[in-house]
Every structure is written in structure tokens, then in C-alpha cells.
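Geometric and topological summary
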Amino acid sequence: MLPHPYPDETAKGAFAVHMADALISPSVGCTMWAASACAIAICSRRVREEMDDRQIPLMGVLGAFVFSAQMINFTIPATGSSGHLGGGMILSILLGPYAAFLTIASVLVVQALFFADGGLLALGCNIFNLGIFPAFIAYPFVYRPIAGSKPTRGRSTIAALASAIIGLQMGAFGVVLETTASGVSALPFYPFAALMQPIHFGIGIVEGLVTATIVSFVYNARPDIVCGRQAQAATHGTPLKNVLLTVLAIAILTGGVVSWFASEKPDGLEWSIKRITGTREIVGNNTRLHAFLAGVQKYVAALPDYFIKKPAHPAAPQSAAARAKENAQKTGSKLGTSVAGIVGGALTLTLALFIGLVLKKRSAAPSA
Amino acid sequence: MSHHVVEARNLRHVYADGTVALDGVSFRITHGESVGIIGANGAGKSTLLQHLNGHLSATDGEVRIGDIPVVKGTLREIRRSVGMVFQDADDQLFMPTVRDDVAFGPRNLGIPPHDVETCVADALEQVGAAHLCDRPPYRLSGGEKKRVAIATVLSMTPDILVMDEPTSGLDPHARRQLIAILKNFQHTKIIASHDLDMILEVCSRIVILSDGSVMADGEPGHIFNNSELLAECRLEMPLSMQGCPICSRPA
Amino acid sequence: MPSIAAAVLEIKQLDELARCDSPIHRLDARAKVLVAIIFCGTVMSFGTHDLSALLPFFIFPAVMIARSNLPPLFILKKMAFLCPFVFIVALFNPALDRTIVVHLGSVGISGGWMSFFSIVVRFFLTAGTALVLVGVTGFVAICQALEQMGVPQVFAAQLLFLYRYIFVLAEEGKRMSSARELRAYGSAGLGIASFSPMIGYLLLRTWSRAERIHMAMRARGFDGAFQAPATSHFGKAEMMHLIGWTMLFAFMRAENMSRLLGTLILGSLS
């Protein structure tokens, strides 16, 4: 279940596992795009090699199915809020990992292009978070082992629940990692994760339940649909070892590159931490948010720092006043350029609009 | 010419769940004949049609197109001769534009691009849909979709045209247009339909299927006047042959 | 159901716009796709607090909209539904980062607000460009361009199939959903218990449809591989479009045009 990516009054969830261009840095964006593009290429070749031309219409039509199903809401019992189907797990079960990944990716492309859902460059992150984790981790390592090739209703439910929860947890975690590694948003890692993970745990439970009920409904009517893929996978068998190694390689590559970039910019994460502690002293603000975050930061400072190998500048014991003076000096020198920047910015915006209007009139005139 | 003959010999088809869909169906259709296949729902019409282009393989008996048996190895040739139009046009129009759909078949046959253009233009001309060339399928009306679906098959210049419920879902005008198109075709036509009036207009021979067997095979006039037979097969006379509903005058 | 119908309508509207004629529409799709990608990459490469340097980039969507006769209000209206996630995450910035970086008269603007607006501007630029790209190119042409530029054929075919059948599936989904809603009598009837079988049934019908489509494809000689994609012409106009915009983006990236202009104006005034 994912909160609604489309404008819709009934959707109450505001958090989404969808990344946006605005929140990622070019390095993170490009890395994730490279990973996703590789995955698309590998899966395309794999689907082609399987030489099952039934897959071609199936992938297209099931993609359209997921796209449509995502727009139909259901109310979640006890909470009263509405949710909708994500579909990643269902696709993996019905199509197998390679075809399912391509299908998920294609749906995300349509959403990105038509619904301003994040943007073109965050698409790489989205395809990775929402495609790789359900299809290549949750499905082969959680769903298949639990469900087996001929699942009973109980096992199927447990398998769907577990795989949906784990898949979504990883997807959400991916968003947290990408956002914090980019450093565009000021959200620090631990509070962000503390917010995202529990929410998506709940979402995962609902998605798992819905997936399980749908799969059992389909299984009763046409067991060949559900079991066909499992049996085929069992006979052809990509050795799980290969899948594991590939996933591990991608994870190491992306993790390594991302953390390398993050370490080059300690500001990305430390910056926000330092800013918070620094700001609190300067402004003397005692809002609850600050107090909470300050408390978290204190806790965080004691934990090992996973993302930054070494702070670029050691935390020198500067007094708050000295730091404030330093900041003021920095900002003071920026004042002149900043004002010019703002004035110029407003002007360029107006100019852009003006040019657009003039061109529009000119292109309209000759045809009139 | 023998390659236009459609022949079924004791054709039998049993589905995986044990349902006997066809039970010893035999007939012979010669070049240029226009045959209507009628029967109740579940009589086996669609199953029979799917044998004619080799989509289903016989449990027993055989189908021959020309003198070529319909088996796995001959499918490519068979599908060159037999063009099949499905009931739901959306299933048949899967390319981004009408032009791409109509060109799909010829391209798969390996026809060179320039000749493909000619095939496409001719096929669309025959169904009166030349102006729809660059439209995406979702922008077509029901009648337009049906005509384009027929064009997608005509562009492969088949000798035999097999159609499953061609007039279903069409408004009267579109239906009339389609009937006119069908009457113009010189191909061998095999049409399965519930639209008995259309069958009466277009077909010169009727085959009635019931529970997988051929109950009758002959001229429309002869068959449609046999009320007992029709009732037994859950059919009735075409409306145009029934009496006037207002003054009760017989047709 | 409003949202399915609304979503499909939006897709159709953009598709409709792509069929119009204009100098931009006539350009080869590859040129337009490449420029859009370069644009988004350049916009994304700016620093966290850069705001004034980003504003000149609006010239690209403005010119594209104007030259292609796209209705600007339509694009803006679509953009008005700012992605809630971006908005909420971006809002944390002013909350967390209160270092004043700029003074406008007596009002101090914090780094947090600068980065908030930077995020908002970036969103409008990149997501807006995506919409404009579809509006002047059309989804089908974009997919074909991608295939020509190296995207695997299986994936490009998948995109086209998906696009084709969204309309069909959305129609079916809408009908089933309406039927369910009409018998729901309050939200109790719209729970998972009614959702799952309905979606399950839709799934079964979808699977059957896929089998029929497969039958239709094989009946017309399909053997697993699509034939070569349509060729298109990448000529002088396309080269000029590509090189011209790329150079402008590079220049605007290197130099803060807003600051330049502002300094010029302020300098001439004083």
C-alpha cells in the first residue's frame, strides 16, 4: 500500500516512498540511475532470453492493471484512513522477478512523466527502491522460501505479509538513505528514519494482507496463474546464489559510491546536526521540536557514525558567541551579492515570463 | 484452388478440465464460400474458430487448410492464409497507432517497408478507415475499432477470413457499414455470430453447432425455416424472417 | 471513480496536446528528450541554498510552452498539486536551519527558508519540464526515441504496451469501482473485504485479456521479436535545438544570471 501519488481528496497519507528531483543531489541521483539502468538492461535481456512471448502482453497488461488498481481506494479498518495497492509483490509473484521489475519500472515512468510525480531524475531512485527490493530481495528470499511452490492459504498469507513488510521497509530505508546522503534536505538521518520506518511498517502490513487476499482469490479461480511462475522458476532455476551475488554487488556499489560522496560532504549530515546544536544556542529557542531533536542528537552523538568516515573538520571547542560572530561575518560578506541575487532573480523571472509571452504572441499572430 | 479449402475431419477438442468442447466436427468449405457458424453459448463456436488458425491443437481428428494439416510446424503458413478477427477489438489493437497495428502483420511476414506501406493503405481503404491512420486505438469508436481490427488482418492478404462475433457491440449504423464491407469481400468467410440477421444477409451457408457437434449444415433458407431444429439448439429465426410485431403479419 | 477518470483524462489531454503542430512539435523526439535530460541534470547540480541562480532556468519551460502553443494555465494547474512528500520534507528545512543568511531590509531570511524555496523551485523546474516534454513530444514518440538511443527493446515495448492498455484497464477498473461504491452505503462497504475480490476478479480478467492479445499477436505472425523501430530524421534544426539549449544551460550554470542582472540594474541606478 502506498499513499496516493495522484491528487485525490480521499488520500490521507502524505508520506510517500516516492523520491523527488528536488531532494536529491546529482551524485546520488546519477548513482541510482546507473544502478536502475543496469537492472533494466539485465532484466530486459533475461526476459528476452526466456523466449516466452506470452510475457510481453502480460507485462504490459498487468502494468496497466497495477496502474489502475492503485487508483482504487479501500478503507483500512480501525484507522479510518484510506489506502491503496502498491502491487510490487503481486507482480513479483505472478511474473517472476525480472519481468516484475520491468513492469514496476514502466509504471513509475508513466507516473513520472504524466503526473509530475517527483521528476525525471529521481526516477532512478524510485525504480530502485520500489523495484529492486520487492522483486529481487523480498520475493526470492522471503516470499518463495515461505510459500513454496504450492502454498496453502496460511503460508501464502504469511509469505505475502512478511515479504510486503520487508520490501517496504527496505524501500523506505532507501528513501531515507538517498535523502540524507544528498544533503539537500536538512532532515537528519535518525529522526527521519525514525519517522519513515514505523509508518511503512504499518503500510507494509496492510499491503501484505491485501496482497495475500488477492493472491488466494486468484489461486482459487486459476491456480495455474499463481503456481505457473513458481514451478517454472523451480525447474529453470536461477540459482539463488547468483541472484544474491548480483544484489550484493549492486548494494555494495551503490552503498560505496553513496557513502564516498557523503564522506566528501560531511556537511550533508553533520551539517544539519551541527546546525541544530549551534542554532539552539544562538536563538535560545526552546520549542519542543528543538528540544526533542536536541535530545536525539545527544543520543546520536554517542552512536557510531555509519556514514562519515572522519569529520572534515574536528569539532573545535568554540564558544557559541565566537561561532555566531564567524557566521555573521560570513553572511555579512554575502549580503551584497545576496541582495543583488534576489533583485536579479526577480528580474530574470519576470524576463522569462515576458519572453515567453512575446514568443507566444508572435507564434499566434502569423497563423491568425 | 485447393489452398483455399478449409476442412475439418472428426475434430475433437477436450479442455484440460475435462470439458468436451468439440466432439467429432466435420465439414468442408470451398473457395469463396461464406459460412455462418451459429449456436448457443458454450456450443463450441469459439473453440472451433481457434482451431482454424492453429491456436488450439486437436485432441483428436484434424483440420486442414488447403492440403496442409494444421500442426505446429505449419503454423506460419497457416496464419498467412487464415486471418482471424476477434470478438474484442481491444485485444487485437495493441500497437500505439492504427498504422502500426495494420502494419504489424506484414512486417512480421518480412515484407519490405515500402510494400508494407502499400498493404496498410490498401487494407484501410477496404474498410473505409484510411482517415484513421495516425490515431491511437483509444481514440476510436467501437465501430471504428472493429473496422481497423479487420484491416489489421486484411493487410496480410489472407485467403480465408475467420471472424468471431463481428457485429457485437456495434450501433445500427456501424453494423450496417460492417455488413456492407463483409458483403464486398471475395475471400472465403467463416463467421461465428449470434446476429442471425447479419448471417442471413452475408452468408450462403449455415453450420449449427450444439454441445460440440454439428447439428445442421446447409442453406440458410432451409435451416432457418426449421423451427424445431432451431429450438433444440437454443436458437430462433432471424428477426427479419419473423412476422411483423405490430400487425402480426407473417414475413 | 473520480481519480481513475481524472488520471486517464490527464493522460489523454497531454496526449492530445502532443498532436498539435508547432516548430517544437516537429522536432525529432530525441533532441527534445536529450535537452530535457540535460536541463534536469543541470538544475539538480545546484547547491542547497542556491535560489537566485535557479530562477533564470525558467526561461526553458517558458520558451518551450510559448513556441509550442501549450496552454500555460493547464501546465501550471497540474503543477499546483505540489508533491506532498516534497513539501513536507522541505518544510523541515526552515524548522531546522535557522541561521540567517540574507537580510531584506530588516527581515532576516534563514538558510532553511532559502533551501525550502530552492527545493520548491527545483521541483517546479524539473517536474514541469517532464510535463512539457510529454506535451510537445507524446509518450509514444518518447518511447521510440528512447529505444533509438539505446534503451532495451523489451523495456521500450513494455512502456508502449502499458500505455496502450492503461486506457482499457482504467475503463474496466472504473466500472467495477463504481459498481462497488454504489452498493457501499458508507465507508464500511469499502474495506479490504470488498476490495480484494474485486481486484482479484479484475486481475483474472486482465490475465485472460493478456492471453487473447497473445493469441492475436501470434495469429499475425509474431514470433517474439518486434521489428525495427521507426526511423526518424535528426537534422539541423535538432542539432541547433540541442546545442543551443545545452550551451545556454552551461552558461547559466557557470554564471549566476540573476546576480549579474541585479548588479547591472543596481549599478546603473546608483
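Residues numbered from 1 in each chain as written. Chains lettered and ligands numbered in written order. Predicted model: local features only at pLDDT ≥ 70, side-chain atom pairs only at ≥ 80, totals over all residues.

Description of the overall build of chain B
Defined as follows: What counts as a helix is a DSSP run of H or I of at least four residues, what counts as a strand is a run of E of at least two, and both are numbered from the N terminus. Within these notes, the globule rule equals 2.2 Å times the number of residues to the 0.38 power, and the radius of gyration is based on C-alpha atoms. In this scheme the burial state of a residue depends on its C-beta neighbours within 10 Å: 20 or more other such atoms mean buried, 12 or fewer mean exposed, and anything in between means partly exposed; the C-beta positions come from the backbone. We call two residues in contact when the distance between their C-beta atoms, placed using the backbone, is within 7 Å.
A count of helices and strands for chain B gives ten helices and ten strands. A compact globule built from 251 residues should have a C-alpha radius of gyration of about 18 Å, and chain B, at 18 Å, falls within 12% of that. C-alpha atoms of chain B, sized along the principal axes, occupy 55 × 50 × 35 Å. A buried classification covers 47% of the 251 residues belonging to chain B. Long-range pairs, those at least 24 residues apart, make up 66% of the contacts in chain B with a sequence separation of at least 6.

Side note on the overall build of chain C
Along its length, chain C carries twelve helices and two strands. Listing the helices and strands of chain C from first to last along the sequence gives α-α-α-α-α-α-β-β-α-α-α-α-α-α. Over its C-alpha trace chain C gives a radius of gyration of 24 Å, far above what one expects of a compact globule, namely 18 Å for 270 residues. The principal-axis extent of the C-alpha atoms belonging to chain C is close to 75 × 55 × 30 Å. The buried share of chain C, taken over its 270 residues, is 53%.

Focus: the sheet that holds strand β6 (residues 82-85) of chain B
Hydrogen bonds between backbone atoms are what pair the strands of a sheet, whose relative direction is either parallel or antiparallel. Residues and elements named next belong to chain B. Our working rule: Any two strands are treated as partners once DSSP identifies two or more bridges connecting them. To obtain each axis, a line is fitted to C-alpha atoms, and for helices this fit is confined to the stretch in contact; angles are then taken between N-to-C directions over 0 to 180 degrees.
Pairing is mixed across the open sheet formed by six strands, whose spatial order is β6-β7-β8-β3-β9-β10. Single-partner strands in this sheet number two, and they are β6 and β10 (213-218). Between one strand and the next, the sheet's axes are offset by a mean angle of 15°, whatever the strand orientation. Here four bridges tie strand β3 (residues 34-39) to strand β8 (residues 188-192), and the two strands are oriented parallel to one another. Paired with V35 across the bridge in β8 is I190.

Some points on helix α6 (residues 142-154) of chain B
All names here are of chain B. For clarity, the threshold we go by: Multiply 1.5 Å by the residue count of a helix minus one, and that product is the helix's expected span.
Look at α6: 19 Å from first C-alpha to last across 13 residues, which is about the 18 Å you get at 1.5 Å a residue. A large share of α6 lies buried, amounting to twelve of its 13 residues. Residues G143, E144, K145, K146, R147, V148, A149, I150, A151, T152, V153 and L154 constitute the buried set of α6. If you follow the buried residues of α6, they end up packed against β6, α3 (89-92), α4 (98-108), α5 (113-126), β7 (160-164) and α7 (172-184).

A closer look at the sheet that holds strand β2 (residues 20-29) of chain B
All names here are of chain B. Pairing is antiparallel across the open sheet formed by four strands, whose spatial order is β2-β1-β4-β5. This sheet does not close on itself; its edge strands, each paired only once, are β2 and β5 (68-69). Here two bridges tie strand β4 (residues 60-65) to β5, and the two strands are oriented antiparallel to one another. Directly across from I65, in β5, lies its bridge partner I68.

Description of helix α6 (residues 153-182) of chain A
Here α6 of chain A contains 30 residues, and its C-alpha end-to-end distance of 43 Å stays within 8% of the 44 Å for a straight helix at 1.5 Å per residue. The buried fraction of α6 of chain A amounts to 21 of the 30 residues, a majority that puts the element mostly inside the structure.

Brief notes about the confidence of the model for chain C
To keep things clear, this is the line we draw: The pLDDT score gives, residue by residue, the confidence of the prediction method on a 0 to 100 scale.
Of the residues in chain C, 92% reach a pLDDT of 70 or more, and the chain-wide mean stands at 85. Scored as a complex, the prediction yields pTM 0.80 and ipTM 0.88.

Quick notes on unusual backbone geometry
Despite not being glycine, R234 of chain B has its phi angle at roughly 60°, a positive value. In this structure, R234 of chain B sits in the segment after α10 (227-232). What makes R234 of chain B exposed here is the crowd of 12 C-beta atoms within 10 Å. With a phi angle near 60°, N69 of chain C is a residue other than glycine that sits in the positive phi range. Take N69 of chain C: it is sitting in the loop between α4 (59-68) and α5 (72-80). Its 20 C-beta neighbours within 10 Å are what place N69 of chain C among the buried residues.

Considerations on the packing of α4 of chain C against helix α7 (residues 111-137) of chain C
Residue and element names in this part refer to chain C. Quick reminder of the rule: In these notes the angle categories are as follows: under 35 degrees is roughly parallel, over 145 is roughly antiparallel, 65 to 115 is roughly perpendicular, and the rest is oblique. Note: crossing handedness is left-handed where the near helix turns anticlockwise from the far helix by less than a right angle, and right-handed where it turns clockwise. Three classes are used, and their members are as follows: Ala, Val, Leu, Ile, Met, Phe, Trp, Tyr, Cys and Pro are nonpolar, Asp, Glu, Lys and Arg are charged, and the others, Gly among them, are polar.
Where α4 meets α7, the axes come as close as 10 Å, and the angle between the chain directions of the two elements is 20°. Taken together, the axis directions place α4 and α7 in an arrangement best described as roughly parallel. Relative to α7, the crossing made by α4 is left-handed. When α4 is examined against α7, the residues P61, M64, I65 and S68 are found in contact with a partner set consisting of G128, T129, V132 and V136. Across the contact of α4 with α7, the residue classes break down as five nonpolar, three polar and no charged.

What about the pairing of β2 of chain B?
Residue and element names in this part refer to chain B. Across seven bridges, strand β1 (residues 6-14) lies against β2 in antiparallel orientation. Within β2, the residue paired with L11 across the bridge is V25. Count of turn residues in the β1/β2 antiparallel hairpin: five residues, of which G18 carries a positive phi of about 100°.

Digging into the environment of S240 of chain B
Residue and element names in this part refer to chain B. Relative to the helices and strands, S240 is located in the segment after α10. When the 11 C-beta atoms within 10 Å are taken as the criterion, S240 is described as exposed. Residues S240 and L196 lie 44 residues apart in sequence; the distance between their C-alpha atoms is 9.1 Å.

Description of the packing of helix α2 (residues 55-69) of chain A against helix α4 (residues 97-114) of chain A
All names here are of chain A. For the pair α2 and α4, interaxial distance at closest approach is 9 Å and the crossing angle is 50°. In terms of their interaxial angle, α2 and α4 are classed as oblique. Seen along the crossing, α2 lies across α4 with a hand that is right-handed. Contact residues: α2 offers Q55, M59, L62, G63, V66 and F67, while α4 offers A99, L102, T103, S106, V107 and V110. Along the lines of polarity and charge, the residues of the contact of α2 with α4 split into eight nonpolar, four polar and no charged.

Some words on the environment of F116 of chain C
In this structure, F116 of chain C sits in helix α7. Sequence separation between F116 of chain C and R30 of chain C is 86 residues; the distance between their C-alpha atoms is 33 Å.

Remarks on the pairing of β10 of chain B
Residue and element names in this part refer to chain B. Here strand β9 (residues 205-210) pairs with β10 via five bridges, running antiparallel. Bridge assignment links I206 to a residue of β10, and that residue is G218. Joining the antiparallel neighbours β9 and β10 is a turn of two residues, in which D211 adopts a positive phi near 50°.

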